[in-house]
Amino acid sequence: MRQGISALFTRLCLLAALTSATAPAVAQDAPAPELKLSLPGLSGYAPTQGETPLATGASGEVTLEAKLTEDAPELSRGLVWRVFKPEPAADGKLPLVAQGQGGTSAFSLEPGSYLVHAAFGRAGATKRITVGATPSRETFVLDAGGLKLDAILSGGVRIPPAKLRFSIYEAAEDPDGDRALIIPNVSPNTVVRLNAGTYHVVSTYGAVNAVIRSDIRVEAGKLTEATVEHRAAQLTMKLVRDAGGEAIADTSWSVLTGSGDPVRENVGAFASMVLAEGDYTVIAKNRERIYQRDFTVVAGRNQDVEVIAAEDLVPTRDAASKAQIVD
């Protein structure tokens, strides 16, 4: 009997010890009801495949270079690169996604199709490219050259650069006989970069009618230098009471061609202008009196034209050295 009680007591003690040892573990496995955990699901991750990075903004590198001709070396400066998406935006324009300048340039772009424009001065070329995951290189052949313009007077006399300007037009005329203007107001001896082809060049000496037009061809990979000859002269007109006298102020001037077409008007003691060679008539008005003189412009011969305000002169159009009074 005593042994049975002892064995029962031993079992109860062992059961109590097991209960006290496992109780803390049960408490840790059951979190408190008010604690809420938010853990990301495994579906948001993926194992790394080889060397591919996990970044989502993958891009490819493309290197752009340009040459004047197929056999020419690549240009190291002077280029302007513009990269566009090929689809127009809501405003109808192609979105510009990248640009650069200098020579050969590298761009990191998302894989896809793009339109690239390479500009070299007024020369340029546009090309559609495709960017992939691997680096690539695109070459643009501009088929372009340079044009340098100058002008002289008859006999090789130099023209002051400040009085000389050039405008470059397309050679082809539209249905109305007009040409598209490419570059206005080009200074002499300035190198202009253009695509190969023929251009219509207008040289203007002064600001009146000394104009020379010519068609000039630009060769790819070459500098074309062209010099035109102006047949014109610088004229200074003044109204005087006697030959060699002082100019009379507050004089209004009108210059007409030999056929009577108006060329230029001016106000002041002097009327200075560049005129193409030919016959002209100058009319000076002062104090409600009008004086007139015919004169001839000789190419390359600058001169002063005096109109004498003498009322006793015989009115005649044949006396080019005298004035005619018109009341």
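First, a word on scope: everything that follows refers to the structure included in this document. (Residues numbered from 1 in each chain as written. Predicted model: local features only at pLDDT ≥ 70, side-chain atom pairs only at ≥ 80, totals over all residues. Heavy atoms only, no water.)

**Details of the overall build of the protein chain**
Part 1 of the argument: The secondary structure content of the protein chain amounts to one helix and 22 strands.
Part 2 of the argument: Sorting the 327 residues of the protein chain into buried and exposed places 33% on the buried side.
Part 3 of the argument: Of all intrachain contacts in the protein chain linking residues separated by at least 6 positions in sequence, the fraction that spans at least 24 positions is 57%.
Part 4 of the argument: Of the roughly 20300 Å² of accessible surface on the protein chain, 52% is carried by carbon and sulfur atoms. (Helix = DSSP H or I, 4+ residues; strand = E, 2+ residues; numbered from the N terminus. Buried < 20%, exposed > 50% of the residue type's maximum accessible area, 1.4 Å probe, protein only. Contact = heavy atoms within 4.5 Å. Areas by Shrake-Rupley, 256 points an atom, 1.4 Å probe, with all protein chains shown as cover.)

**Some points on the side chain of Glu65**
Part 1 of the argument: Position of Glu65 among the secondary structure elements: in strand 1 (residues 60–67).
Part 2 of the argument: A polar contact is formed between the side chain of Glu65 and the side chain of Arg137, at a distance of 3.0 Å.
Part 3 of the argument: Among residues more than four places away in sequence, those in contact with Glu65 are Glu74, Trp81, Thr104, Arg137, Glu138, Thr139 and Phe140. (Polar contact = N/O pair within 3.5 Å; in protein donor to acceptor, adjacent residues only side chain to side chain.)

**Remarks on the pairing of strand 9 (residues 164–170)**
Part 1 of the argument: In terms of strand pairing, strand 9 meets strand 12 (residues 197–205) through seven bridges, oriented antiparallel. Across the sheet, residue Ser167 finds its bridge partner in strand 12, namely Val202.
Part 2 of the argument: The sheet contact formed by strand 9 and strand 10 (residues 181–186) spans three bridges and is antiparallel. Its bridge partner being in strand 10, Phe166 is matched across the sheet by Val186. (Pairing = 2+ DSSP bridges.)

**What to know about the pattern of salt bridges**
Close approach of charged atoms allows side chains of opposite charge to pair.
Part 1 of the argument: By the definition in use, this model includes 10 salt bridges.
Part 2 of the argument: Linking Arg137 and Glu74 is a salt bridge whose minimum nitrogen-to-oxygen distance equals 3.8 Å. On the criterion of sequence distance, the pair formed by Arg137 in strand 7 (residues 136–141) and Glu74 in the loop between strand 1 and strand 2 (79–84) is long-range, its members being 63 residues apart.
Part 3 of the argument: Residue Glu277 pairs with Arg231 through a salt bridge whose shortest N-O separation is 2.8 Å. Of the two residues, Glu277 is situated in the loop between strand 18 (270–276) and strand 19 (278–286) and Arg231 in the loop between strand 14 (223–230) and strand 15 (232–240); the sequence distance between them amounts to 46 residues.
Part 4 of the argument: With a relative accessible area of 37%, Glu277 lands in the partly exposed category.
Part 5 of the argument: Overlapping salt bridges bring together Glu65, Glu74 and Arg137 as one network. (Salt bridge = Lys/Arg side-chain N within 4 Å of Asp/Glu carboxyl O.)

**A word on unusual backbone geometry**
Part 1 of the argument: Within the chain, Asp250 stands out as a residue other than glycine whose phi angle is a positive 55°.
Part 2 of the argument: Residue Asp250 is classed as exposed on the basis of its relative accessible area, which comes to 68%.
Part 3 of the argument: Positioned with a positive phi, Arg287 is a non-glycine residue whose angle comes to about 55°.
Part 4 of the argument: Tracing the sequence through the fold places Arg287 in the loop between strand 19 and strand 20 (289–297).

From the geometry alone we can't say anything about function, so treat these as descriptive.
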